[in-house]
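# Architecture at a glance
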Amino acid sequence: MTGQQAGSESFPKLLLHNAAQRGAQPAMREKRRGIWRTQTWQDYAAEASALAAALSDHGLKKGDHVAFVYDNRPRLLIAIAAAQALGAVAVPLYQDASGEELAEPLRSTGATHVFAENQEQTDKILEVLPTCPSIRCIVYDNDRGMSQYKQAELVGYDTLLEQGRKASGEGSGFLKEAAEQVGSDDDAFVFFSSGLNKSANGAVFTHAALIERARVLAATEKLTDKDVTLAYLPPGWASQTLLSYVQPMATGFCVCCPEASDTLLSDLREIAPSYLLVTPRMLDAIVSQVDTRMEETGGLNLALYERGVKVAQRVSDLTHAGKSVPFGDRLAKTACEILVYGPLRDALGMSKLRLAYTAGDAIDPDMLMFFRSIGINLKQAYGATETGVFVTVQRNGDVKPDTLGTPLDGVELSFSPKNEILVRAPGLLKAYHGNAKETAKALDADGWFHTGDMGHVGDDGHLRIVDRMSDVGTLKDGTLFAPRPIENKIRFSPFVREVVVYGDGQDHVCALIDIDTLAVGRWADTHELPYMGHTDLASQEPVYGLIGDFVAEVNGEMAGDPALAKCQIERILLLPQELSADDGLLSRTGKLRRHAIAKRYRALIDAIFAGADNVPFDIGIEHVGAEGEVHTDGLKIRNVKTVNVSQMRKAA
Amino acid sequence: MSVSAQAEPASRAFPIGEPILELDSISLRFGGVKAITDVSFDVREHEIRAIIGPNGAGKSSMLNVINGLYTPQEGNITFRGQRIDNMTPAKAASLGISRTFQNIALFKRMSVLDNIMAGRTLFSHATFLEVAFQLPRARREERQNREKAEEIIEFLEIEHIRKTTVSQLPYGLQKRVELGRALAAEPQVLLLDEPMAGMNVEEKQDMCRFVLDVNDHYGTTFVLIEHDMGVVMDISDRVVVLDYGKTIGDGTPDEVRNNQDVIDAYLGVAH
């Protein structure tokens, strides 16, 4: 689609190219005050041009770093484009992060300019300003509540834009001139991973690296400028910025921004995107919403829905097993397509969806197959912050429930003796920002990037992942112990929100389980089990029974897998509080911070391995307004049924 | 947090101005029961003015007098220097005085958007027939009113419930919608009757933020009745304290806090 002519290898040049080639086509849509407002590629370029002119007057120059603390908004994308037009490096940060969490990347990149979306974000930056002396200018967008701020560093986005328009005129002339100064091998972005490790390193990417990879992905998936996506994940997460900024630049498709985070599902329905990045958690929410609403509807609709889901599952199972589908089922499937799947896809805002990647975490294979069976092309892919765009994706027509697909063009995979996944590809990070030591550790002399993930490629050429290298340990008897595959199996229960298993250096495996308050609460309602809030629910014997039974089922499953048979979970404890990112126990993208959790709940874990049935624990509620805290005599620890493998073998 | 906006009162977008509303020697009786006795105070433009007092002190009656629901037997109301005899709710509305109620008074079976649109009545001049046939003026007004309603929806962060029926909403959100409907009338003075009653801490903080933001952004003058002393002291510029229908204190939150009569009435006297 896009011409690969020389000279188009930087983002400002791509923006100009798009403005020239498809100027009147929509580049961005945002719902504001109830109406979807469109900005074309021409508008995009003109606004970025004016903003760049103003930023230049405010002292931004080539090689400077500009941080962004923003939700998904067209102005975020425009501001990134404006900064990059001046040769500055964009550093998108997590908008949910606290001031303290933001200070680290601001200091390590030495950011000179910061774009803050609103008063809340500006407050955070001002809070850490004394410890970040490099910051010279803070641009705030929404001026609500900002009238009383008099700091010299502050300037409004609108003011800046007006200054820029006065200085450079309405067109994109300034951008054209500035773009000439930006080379394809200049730094374009610094991405921070969601902070699984304590000292987060920023991965530096050049313009050329990201653009080339985005084109390969577009070619593989046949993305065109007719595609439409919805941006709703945190822009600080590399995958989101790649989807909403990098890929549209390379391909010319349109990015839509929801009105507010609460309106996501209805915005999704109104936009009906063709290309989407989804997280397993969001799919969970969608499925449980659909289930609840179908149950409320009842009658014929519910009967049709249940029937339709069954048919879809049967047909999909047969197809995957390579068997032929009987005529009756084929007929039923066609009928269901008209009566159930089509309307359902429409209600979910997925009627035009032709490509959706799950990212961020492992997805329940059943969930993946459910969405695929109702006609949604949901696929898995693998990539890390440091690899930029995905390195492997499942190809259309070759999707398997438990793999991450095959390498994209130009990507080489290799494995260390310890089964660490090594990647060599043109689009990798250039270095970790200002940290040659870490760079040398991760990126070896031959250009292989050490992902830190353990995995293997099967006979079918598909990549399968086991766990983070650093999390893999051994049980006392020397059995390899990888927590994540076990956790994934348990997390797929609707009653479990999060789970952490421990076993490294121990003679058995135990699990700390964070129950899903809503789902377990509903279960308690139907079983007439009175409870007061999460803590009380998590301490009740019947709930232990419910979760214990599920874990026992998982144990049964694990017994059949030689690699996991010895890692069956023997003891469980239900956590009295939800694990949350604000407590530092989850990353901002919702991944477990295993070591932080282990540190916080050390006493519990020790008690489990010491064989206690009960462990005293001070909940130490910090939340405002949580008065009359439930008094617990301690947290319960319960044993779970395991399957003795040697006996099973004899029986078989 | 919400209170930080009060840190530097000198640098407000709308500095506190001249008295906009003056109440002079108001007395209100229901038969033999004295609800309000000889109460006088004023409200300055752009300020947040609180009326506090124990149960039955006459706070709600005072608001009802201001917007014309009750006619006092004695006393004068002056609005922008003009004496208003026999105030009625309609007159109050046309003068730019809007209010919310202690017990939410929304149209429960209408959507949030329709409720807020209802607050635009004063700005709709098209006749029934013009609306029925969708003539140009009716359409223009509809569009303008909808734009204002959407502005308020964005301001109060209730986009996600725009089309939800009010009766399905939790209490805290209904309160916010009621504020939205009052704002839709673009009031100069907004009377809030216990805007935070029955709310949890987080909802109260949100409501405080909205009051301060509205004051900062539109310059709206607030008169609010509140039970929660903490909230009052945090967000008000001046506080008048009523007890048994009489004024027992009037001044800045600090002055009121240190007023012995107020301490006795509100916090109880050690006998």
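Attention now moves to the overall build of chain A. In terms of helices and strands, chain A carries 22 helices and 29 strands. For chain A, the spread of C-alpha atoms along the three principal axes comes to 80 × 65 × 55 Å. Within chain A, the fraction of its 652 residues that count as buried is 56%. Looking at chain A alone, contacts between residues at least 24 apart form 65% of all its contacts between residues at least 6 apart.

Along its length, chain B carries 10 helices and 10 strands. What you see for chain B is a C-alpha radius of gyration of 19 Å, in line with the 18 Å of a compact globule of 271 residues. With the C-alpha coordinates of chain B rotated into their principal frame, the extents come out at 70 × 40 × 35 Å. Among the 271 residues that make up chain B, the fraction classed as buried is 50%. For chain B, restricting intrachain contacts to residue pairs at least 6 apart in sequence, the fraction spanning at least 24 positions comes to 69%. Side-chain charges of chain B comprise 29 positive and 39 negative groups, with the mean position of each set lying 7 Å from the other.

Moving on, we get to the sheet that holds strand 3 (residues 48–52) of chain B. Hydrogen bonds between backbone atoms are what pair the strands of a sheet, whose relative direction is either parallel or antiparallel. Residues and elements named next belong to chain B. Reading across from one edge, 6-7-8-3-9-10 is the order of the six strands in this open sheet, with mixed pairing throughout. Single-partner strands in this sheet number two, and they are strand 6 (97–100) and strand 10 (246–251). Strand-to-strand, the axes of this sheet are offset by a mean angle of 15°, without reference to chain direction. Here strand 6 runs beside strand 7 (residues 189–193); their pairing, made up of four bridges, is parallel. Pairing of Thr-100 across the sheet is with Leu-192, part of strand 7. Lying on the sheet, helix 1 (residues 59–66) is in contact with strand 3, strand 6, strand 7, strand 8 (221–225) and strand 9 (238–243); it crosses strand 7 at an angle near 150°.

Residue and element names in this part refer to chain B. With domains assigned, chain B is organised as domain 1 (1–96 + 187–271) and domain 2 (104–186). For domain 1 versus domain 2, the distance between C-alpha centres works out to 26 Å. Opposite the 21 residues of domain 1 that make contact, domain 2 presents 15 residues. Of the roughly 1,400 Å² buried between domain 1 and domain 2, counting both surfaces, carbon and sulfur atoms make up 70%. Three residues, Pro-187, Phe-210 and Tyr-218, lead the burial of domain 1 against domain 2; their summed loss comes to 39% of the area buried on that side. Taken together, the connections running from domain 1 to domain 2 amount to two salt bridges. Linking Arg-176 and Asp-206 is a salt bridge whose minimum nitrogen-to-oxygen distance equals 3.5 Å. The tally of links from domain 1 across to domain 2 stands at three residue pairs in polar contact (both at pLDDT 80 or more). Within the residue set of the side of domain 1 that touches domain 2, elements represented by two or more residues are helix 2 (89–95), strand 7 and helix 7 (201–218). With nine residues, the top contributor of residues to the side of domain 1 that touches domain 2 is helix 7. Across the side of domain 1 that touches domain 2, the residue classes tally to 11 nonpolar, four polar and six charged.

Among the surface-exposed residues, B:Phe128, B:Leu129, B:Phe133 and B:Leu135 lie close enough to one another that they form a single nonpolar patch of about 500 Å² accessible area. Counting through the fold element by element, B:Leu135 comes out in the loop between helix 4 (128–132) and helix 5 (136–155).

Here the focus is the interface of chain B and chain A. With 17 residues of chain B at the interface, the matching set in chain A holds 15 residues. Around 1,500 Å² of area is buried between chain B and chain A when both sides are counted, 42% of it from carbon and sulfur atoms. Linking B:Asp213 and A:Arg144 is a salt bridge whose minimum nitrogen-to-oxygen distance equals 3.1 Å. On the surface where chain B and chain A come into contact, there are eight residue pairs in polar contact (both at pLDDT 80 or more). Those elements that provide at least two residues to the side of chain B that touches chain A are helix 5 and helix 7 of chain B. With five residues, the single largest contributor to the side of chain B that touches chain A is helix 7 of chain B. Tallied by class, residues from the side of chain B that touches chain A come to five nonpolar, two polar and 10 charged.

Here we come to the confidence of the model for chain A. All names here are of chain A. Considering every residue of chain A, the mean pLDDT works out to 87; 94% of them sit at 70 or more. Contacts of residues 1–7 to residues separated by more than four positions or lying in other chains number 11 contacts, the stretch itself having pLDDT below 50. Scored below 50 in pLDDT, residues 621–631 shows eight contacts in the model against residues more than four places distant or in partner chains.

Residues and elements named next belong to chain B. Per the counting criterion, the structure on display carries three cavities of 30 Å³ or more. The calculated volume of the second largest cavity comes to roughly 40 Å³. Lining the second largest cavity, in full, are Thr-100, Lys-175, Glu-178, Leu-179, Leu-192, Pro-195 and Met-207. Sorting elements by how many residues they give to the lining of the second largest cavity places helix 6 (residues 171–184) first, with three residues. Across the lining of the second largest cavity, the residue classes tally to four nonpolar, one polar and two charged.

Here we take up the packing of aromatic side chains. In the structure shown here, the tally under the stated rule is 14 aromatic pairs over all chains. Taken together, the aromatic side chains of A:Phe11, A:Phe189, A:Phe191, A:Phe205 and A:Tyr245 make up a single cluster linked through ring pairs. Here the basic side chain of A:Arg144 rests over the ring of B:Phe155, its NZ or CZ set 3.8 Å away from the ring centre. Its guanidinium or amino end placed over the ring of B:Phe101, B:Arg99 lies 4.3 Å from that ring's centre, counting from NZ or CZ.

This part takes up the pairing of strand 8 (residues 187–192) of chain A. Residue and element names in this part refer to chain A. Burial runs high along strand 8: five of the six residues are buried. Direction of pairing for strand 8 relative to strand 9 (residues 202–206): antiparallel, over a ladder of five bridges. By the bridge assignment for strand 9, Asp-187 is matched with Thr-206.

Structurally, chain A comprises domain 1 (11–208) and domain 2 (473–651). Between the C-alpha centres of domain 1 of chain A and domain 2 of chain A there is a distance of 43 Å.

All names here are of chain A. A surface patch of like charges, here negative, comprises Asp-96, Glu-100, Glu-120, Asp-123 and Glu-127. Counting residues per element, the negative patch draws most heavily on helix 5 (residues 119–128), at three residues. Considering the arrangement of structural elements, one finds Glu-127 in helix 5.

Residue and element names in this part refer to chain B. Relative to the helices and strands, Asp-42 is located in strand 2 (residues 33–44). Side chain to side chain, Asp-42 and Arg-238 meet in a polar contact 3.0 Å long. Not counting chain neighbours up to four residues away, the residues in contact with Asp-42 comprise Pro-19, Leu-21, Glu-22, Glu-47, Arg-49 and Arg-238.

Once that is clear, we can look at the sheet that holds strand 25 (residues 509–515) of chain A. Residues and elements named next belong to chain A. The strand order across the open sheet built from four strands is 24-25-26-29, with neighbouring strands paired in mixed fashion. One side of each edge strand has no neighbouring strand; the edge strands of this open sheet are strand 24 (496–502) and strand 29 (638–639). For strand 24 and strand 25, the ladder comprises six bridges, and the chain directions are antiparallel. Counterpart to Val-500 in the pairing with strand 25 is Leu-512.

A few words on the confidence of the model for chain B. Residue and element names in this part refer to chain B. Residues of chain B with pLDDT of at least 70 account for 94%, and the chain-wide mean is 87. Mean pLDDT values over the elements of chain B span from 78, in helix 10 (residues 260–267), up to 94, in helix 3 (residues 112–118). In this model residues 1–10 is a low-confidence stretch, pLDDT under 50, and it forms 14 contacts with partners more than four residues away in sequence or in other chains. This complex was scored by the predictor with a pTM of 0.84 and an ipTM of 0.75.

Helix packing for two helices is described by the angle between their axes and how far apart those axes are. All names here are of chain A. Close contact between helix 12 (residues 299–320) and helix 14 (residues 365–373) brings their axes to 9 Å; oriented N to C, the two are set at 105°. The orientation of helix 12 relative to helix 14 falls into the category roughly perpendicular. Counting all contacts with helix 12, which are made through Tyr-305, Val-309, Ala-312, Ser-316 and His-320, the residues of helix 14 involved are Met-369, Phe-370 and Ser-373. A class-by-class count of the residues in the contact of helix 12 with helix 14 yields five nonpolar, three polar and no charged.

Basis of the calculations
- Residues numbered from 1 in each chain as written.
- Chains lettered and ligands numbered in written order.
- Predicted model: local features only at pLDDT ≥ 70, side-chain atom pairs only at ≥ 80, totals over all residues.
- Heavy atoms only, no water.
- Helix = DSSP H or I, 4+ residues; strand = E, 2+ residues; numbered from the N terminus.
- Buried < 20%, exposed > 50% of the residue type's maximum accessible area, 1.4 Å probe, protein only.
- Contact = heavy atoms within 4.5 Å.
- Rg over C-alpha atoms; globule rule 2.2 N^0.38 Å.
- Lys, Arg positive; Asp, Glu negative; His and termini not counted.
- Charge placed at Lys NZ, Arg CZ, Asp CG, Glu CD.
- Pairing = 2+ DSSP bridges.
- Axes fitted to C-alpha atoms, helices over the stretch in contact; angles between N-to-C directions.
- Domains from an automatic or database assignment.
- Buried area = accessible area lost by both parts, 1.4 Å probe.
- Salt bridge = Lys/Arg side-chain N within 4 Å of Asp/Glu carboxyl O.
- Polar contact = N/O pair within 3.5 Å; in protein donor to acceptor, adjacent residues only side chain to side chain.
- Nonpolar A, V, L, I, M, F, W, Y, C, P; charged D, E, K, R; others polar.
- Patch = residues over 30% accessible without salt bridge, like charges linked within 9 Å, V, L, I, M, F, W, Y side chains within 5 Å.
- Areas by Shrake-Rupley, 256 points an atom, 1.4 Å probe, with all protein chains shown as cover.
- pLDDT = per-residue confidence, 0-100.
- 1 Å grid on protein atoms, 1.4 Å probe; cavity = no way out; pocket = protein on both sides within 12 Å on 5 of 7 lines; lining within 4 Å.
- Points joined across faces, edges and corners; volume = space filled by probe spheres on them.
- Phe/Tyr/Trp six-rings, centres within 6.5 Å; stacked < 30°, edge-to-face > 60°.
- Lys NZ or Arg CZ within 6 Å of the ring centre and 35° of its normal.
- Parallel < 35°, antiparallel > 145°, perpendicular 65-115°, else oblique.

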